[in-house]
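# Fold and contact review
If you want the building blocks of each chain, they are given just below.
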Amino acid sequence: MAAAGASSSSKDILSEVRTFIAGTSKEKSISHENLARSALHLLQTLPVARHAVLEHLCSLFDEAVKRHILQSDDPASQDQGEFNLDIVIQDVCGVLFNFIKTNPHAWAPIISNWSLELLGHLSCKYASQCGLSPASSLNELLQMWVTCKPTKALMEVATECFAAMVGSAPDVCVDALLEASVKYSPHFDWVVAHIGSCFPNTIITRVLMCGLKDFCHHGNKRPDMETRGDEKVPKMDSVVDILGHLASKHRQDIRGALMKLFEESMKSDSEVVKVTTVPFLLELASRSDMLLQVLSTDLIKSLNFKLLNKLHGNFEPWRRRNAPEYMSLITLVVQLIKKIDFTTLEVLEFLLGIAAPVDTNKCPCLEVQEVGAIIINRLIFELQRSVFHKRRNASIDVPFLSSLVDQSTSILKLLDSKGPRGDWLLRITSYIGLYSGEDLTSDMMVYIICNSTSHAQLCRFIQLQSIVEVKLGDVIPVVVQKVTDKLRSYKIPQPDIILGNILAILEWEKSTKKTSERSTMLFCMKKQWEAFLPLLTNEDLKIVLKTVKILNTLGIPNNISSATAVRLCSNLLNFFFRSLEVEDTSLSSSMFHACRQCVKSLCKETFIQCIALRFLIESLFIKDIAILFGAKQYQSVSKSEKEKKNFQFLYEANRKQGLSATLHRSQSSVFHAGVIGQGLRSSLSVPVLQKVHVDRNKQCLMSITRCCSHQTLTTEEVNSPTPEGAPMEVDEAFKAPSRGRGVSGDLSRMIGSLMTELITPDVLYNNRFWPEEESIHMTVERDLQIYKTMEDNPVLWQILDLYATSPLTMCRCSPILKSLAASLMIHFESSRERLGRNTPKQLQAAGHLIRYLGKSGLLPTPLRYVSELFHIATSYEVYLLLLSVWRYMKEYPPTEDPDEVNTRGCELRHLEALKAIMHSNIDTMGVFYGRFFSMFSQSD
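One structure accompanies this document, and this report is about it. Keep in mind that what you see is a predicted model, and the values were worked out from it rather than measured. (Residues numbered from 1 in each chain as written. Predicted model: local features only at pLDDT ≥ 70, side-chain atom pairs only at ≥ 80, totals over all residues. Heavy atoms only, no water.)

### Overview of the overall build of the protein
To keep it simple, the criterion reads: The helix count covers DSSP runs of H or I at least four residues long, the strand count covers runs of E at least two residues long, and both are numbered beginning at the N terminus. Partly exposed residues are those whose accessible area sits between 20% and 50% of the maximum for their type, while under 20% is buried and over 50% is exposed, using a 1.4 Å probe and protein chains only. All accessible areas in this document rest on Shrake-Rupley with a 1.4 Å probe, and a residue is counted as covered only by the protein chains that are shown.
Tallying secondary structure elements over the protein gives 45 helices and four strands in all. In the protein, buried positions account for 50% of the 940 residues. Total accessible area on the protein is roughly 45,200 Å²; 52% of this is exposed by carbon and sulfur atoms.

### Considering unusual backbone geometry
Here the bond from Thr861 into Pro862 is cis, since omega is 5°, no more than 30 degrees from zero. The phi dihedral of Thr343 is positive, around 55°, even though this residue is not glycine. Among the secondary structure elements, Thr343 is positioned in the loop between helix 15 (323-339) and helix 16 (344-355).

### Description of the packing of aromatic side chains
We count it as follows: Planes of paired rings set the category: under 30 degrees apart is stacked, over 60 is edge-to-face and the rest tilted, where pairs are Phe, Tyr or Trp rings (Trp by its six-membered ring) whose centres lie within 6.5 Å. Distance and angle both matter: a charge sits over a ring if NZ of Lys or CZ of Arg is within 6 Å of the ring centre and within 35 degrees of the ring normal.
If you walk through the whole model with that rule in mind, you get 14 aromatic pairs. Aromatic pair Phe576 and Phe592: ring centres 6.3 Å apart, planes at 50°, arrangement tilted. A residue pair is termed long-range when its members are at least 10 positions apart, and Phe576 in helix 27 (residues 562-580) and Phe592 in helix 28 (residues 585-602) qualify at 16 residues. One aromatic cluster in this structure is built from Phe576, Phe577, Phe592 and Phe629. Here the guanidinium or amino end of Arg319 rests over the ring plane of Tyr326, the centre of that ring lying 5.6 Å away. A cation over an aromatic ring shows up here: Arg931 above the ring of Tyr865, its NZ or CZ 4.1 Å from the ring centre.

### So, helix 21 (residues 438-451)
As a reminder of what qualifies: Take the residue count of a helix, subtract one, and multiply by 1.5 Å to get its expected span.
With 14 residues, helix 21 should cover 20 Å at 1.5 Å per step; its first-to-last C-alpha distance of 20 Å lies within 8% of that length. By the burial criterion, the buried members of helix 21 are Leu440, Thr441, Ser442, Met444, Met445, Val446, Ile448, Ile449 and Cys450.

### Observations concerning the environment of His710
Considering the arrangement of structural elements, one finds His710 in the loop between helix 32 (691-707) and helix 33 (715-719). Residues His710 and Gln609 lie 101 residues apart in sequence; the distance between their C-alpha atoms is 8.5 Å.

### Describing helix 24 (residues 495-511)
Threshold: Here, two residues are considered to be in contact whenever any of their heavy atoms come within 4.5 Å of each other.
In a regular helix each residue adds 1.5 Å, so 17 residues correspond to 24 Å; helix 24 covers 24 Å between its end C-alpha atoms and thus fits that length. Those residues of helix 24 lying buried are Pro495, Ile497, Ile498, Leu499, Asn501, Ile502, Leu503, Ile505, Leu506 and Glu509. Where helix 24 is buried, its residues contact helix 21, helix 22 (455-468), helix 23 (475-489), helix 25 (521-525) and helix 26 (541-554).

So, in structure tokens, the structure goes:
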């Protein structure tokens, strides 16, 4: 190692040696300048003296730093000595730069170690005197030391050494940097940061290599994860600190270096490197969040199934030899996953892809899948422990769960996965909810209800509830509140899905009696049942059907307001009529049975029955609804211009007499029939629905009408639904309410009054008394209009028949019965047909009339049976029989007094016409004689 001043004489060297010794030993008082010149002269001419000279230069720099700090605290303390000391330091640095430049191979390692050691010593010694707090940032520390001329000069020297060695011996300089970092950290961090910023690629790469080399050397001494904090791996913390300092400006370089290290380890021929590199990277990640973030993104993206298989092959021999350390490595992986707070969803999907791959053609080997399953199971166990520990310690933080909070919707979309994949996701989802609290948990459960499209997906709701309600016992009321708020907001994109899911959950809860009913949706939704009422008006019948089924499952409360009852009756019956339009028998039957059950449950009070029946009966007079039950639909036939003019004339004549009384058989009385001299108005009755469809609708109408009329219903009858596929028996639908469940008096009177109000055109003759038979010629128009109303809307016959057993109803319907009897008597009296059966419509109407009077008890035996003779009697004989009935009803008008009804009977004068007719037709009516008169004789 040649010195710059080799030409100096030995006497001069000896003189400088004596001067240096005298000055350093304090034998003589020699100035700093002279002593420094002597030291530099020896450093250049006497290589063996370099250790002593460098040691002296350490004290020189120490003194300079000390004076700089004093001057910073008290600027008045600056003197000429410090100025001279700065000049000396410049000379020293000049000599050192010259050595590095002329002979870098020899001098650079020596000066590098010396400068780094001195920088570490000065940083530690004056750390508490530099005026910065311990919490000061690295930038503040770096700024302070760079403004100090001695330390700045030393840093320039160290940087020059690195520049000289980076191409030939990078390991030497990096190793010295790591050694100093380990010894003087954290006060030495500013040096590392500055040098690393000057040589980022080299420093990062070599730091990682040195760290890996040291990790390989101490790898067999690493204790378990839980106790590793007490026994540090040499240089590992320094590696982490250096990379952390460089991360702000050289993150991409660090990412590239880490990935390059991993890739090279996979290609390495060294078994030690293959097995140690991944644990080394994991160890780095455990000490630095930045490195953990790099590994959780880049490394996971690069790990395809082929690389995983290869990695497993590299680790398999080591795993068999070191089972405890292998399990410690698994534990470390789990702990790192818990710390991830970035790209957590990608990490989770990566783990699921390993442990339970969806595509069996592109998946790792079974052994790798088993390892993935072990990691996920352990992760779930750790998350469970953390979540339930948080209950006792609210300050505990789980970054993995915190990050997944915002990704909860994406995880919920994966819950329909089958097998262990779905079970794992369910557990993680539940822990996300438990970690975040009741609000997020309820949001996730609401999401499942609103978006589940299969039974398997909806089952996750029940499973999630069973997990979270252990800690969040009041989550279901919150879920119900949020669901009903959505229903009220009208902002549900697919209401049929949410309603179907709610219905499925409610039915399941109802079928399985849970121990605590207060934690069920069934219990909580009973308080929110009115939230479903707006959906009853939805245009989609399937949505309304699900809503009605939900109401049936929840049950309608006993005490509801009149406004709610009116609203519910209107909506239910509107749904009923809409369901009758559906041609699909199965779907229509399902809608009908659901509606019937709901109406049956609703009509428990008389005032609700009155509301429902009024809606029901009034709707029968609406044209579009009446058609559903076979009402006639008239289509006008085209007229000629002359007919149109005649019609216009008739209209004008009728308008002029609009305020006058209607005269019997005047022009105004035939306005609706046509024009005298032109014949009847041309019209054509067009069938709208097929007979099968109409008959089905009538059966449904009778059934639901009876449900609205029953006076008393037991709880079991209300809650027991009719099977949706069960056919409706005609006799069952039409039979009168059974004993003990009859129609109440108030309801009977309301029905009778309502039918009279809707069928009769005016109230002029709406009294219960039947007048003299000659008066029927005065009300022909009125009677024909009533008869035509009944004929055009045949379902009205069945409505009257349904309530014919009630004398109260029939008494109120007396005007209708009276008009029907009058119009039929006129018909049969003037009929040109010999036999009554030749006019079947009128004969059938006469039979209905007698049946109503007989069933109500207003017409006693044997007149109540005269309809049995109509089909074999002549038209005039039918007229005579009806006349006998009229005269009886005139003498004994309808009454609401039950005692009077029960004591009614026929006298001989009421049966004279009947007896005469039977005698005249003894050959055909003789078989009926005993039925009519033997019974009458016995009663006498």
